[in-house]
Amino acid sequence: MRLGEALGMRINDFVMGRGGTPYVAIVPRDDNPNEVRVKMMLARRVYVGTGLEQLFAGYLTHLACRAAGLGLPVTAGDALLVNLDRPPLLAAMSEGTVRGKVAALKRKQIGPAGWTPHWFRHTHATALLLAGTPGWVVSRRLGHAHVQTTLDLYGWVSEDGALRAAANWKTCTAGRPTEQTGDRTAHLRLVHTTVADPEPPEVIQGASQIGSFAASFRRSALDPANRSPVNRPPGPVTTSTA
């Protein structure tokens with residue numbers, strides 16, 4: 001999802017699985033109070049896993065408790081991502097708020113130099129393509145109008161993987177069966193090891209760095225000590241672990 005698509009979500013745009021696959025409905029609107037819009041005003045569905053569904057349920061419980069404590073109503077048509085601890089309370093979060101938080105994290109040297117929220121979108125697309133997901137599926141998930149846009153932006157990912165496979169060409173040719181023996185054992189062993197071969201070390205290292213960055217980002221975002229005195233709640237806020 002793009003940042004504007006996430007900030008424009010309403011509570012009922014997140015559809016729980018209830019035995020099926022949960023998804024987020026990307027709905028084009030021109031009346032969002034934070035003035036964000038869906039790019040090209042194209043609607044789509046983004047299917048998500050049960051892990052995100054559980055996070056959504058926990059966040060919604062916390063949002064409801066916060067609203068009840070403030071005496072403010074919350075309806076299914078209200079904004080999903082709102083200000084919980086800074087005025088105006090329960091107002092739709094703006095892009096400026098997100099970018100301000102990103103800038104604060106950068107000042108603390110959290111994350112790679114020059115990162116932006118859009119990096120998470122690029123990382124997601126790259127991971128899908130490295131896992132062998134068809135380009136048209138990634139294109140639909142990202143909301144690109146044409147699959148060629150996806151191929152232009154991310155085509156190098158799958159191409160690089162194919163080119164890496166050619167690095168072991170001697171191993172491939174050495175494992176081919178010969179006419180004299182008809183022995184297919186070496187060939188079958190080669191196919192098995194090629195399929196089961198783990199990702200290259202640099203891919204594993206990159207995934208590890210992304211995971212570490214995401215973990216540090218989450219710890220910093222949830223740490224009350226990182227809030228400024230202006231934005232820190234006046235007293236303890238009861239949170240739900242549901």
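Student: Help me out: how do you make sense of unusual backbone geometry in this one?
Tutor: Negative phi values dominate among residues other than glycine, just as trans dominates among peptide bonds. The linkage connecting Pro87 with the following residue, Pro88, adopts the cis geometry, with an omega of -5°. Topologically, Pro88 is positioned in the loop between helix 2 (50–70) and helix 3 (95–107). If you check the backbone angles, Met41 has positive phi at about 55° while not being a glycine. Along the polypeptide, Met41 turns up in the loop between strand 2 (23–26) and strand 3 (44–47). Of note in the backbone geometry, Leu90 takes a positive phi value of approximately 65° without being a glycine. With respect to the helices, strands and loops of the structure, Leu90 is situated in the loop between helix 2 and helix 3. The buried category is assigned to Leu90, whose relative accessible area is 18%.

Student: Even after reading the chapter, I still don't get the pattern of salt bridges, so can you show me in this structure?
Tutor: Charged atoms that come close allow side chains of opposite charge to pair. Under the criterion given, the structure shown has six salt bridges. When the shortest N-O distance is used, the salt bridge between Glu5 and Arg44 registers 2.9 Å. A residue pair is termed long-range when its members are at least 10 positions apart, and Glu5 in helix 1 (residues 3–7) and Arg44 in strand 3 qualify at 39 residues. Grouping residues by exposure puts Glu5 and Arg44 together as buried.

Cut-offs and rules
- Residues numbered from 1 in each chain as written.
- Predicted model: local features only at pLDDT ≥ 70, side-chain atom pairs only at ≥ 80, totals over all residues.
- Heavy atoms only, no water.
- Helix = DSSP H or I, 4+ residues; strand = E, 2+ residues; numbered from the N terminus.
- Buried < 20%, exposed > 50% of the residue type's maximum accessible area, 1.4 Å probe, protein only.
- Salt bridge = Lys/Arg side-chain N within 4 Å of Asp/Glu carboxyl O.

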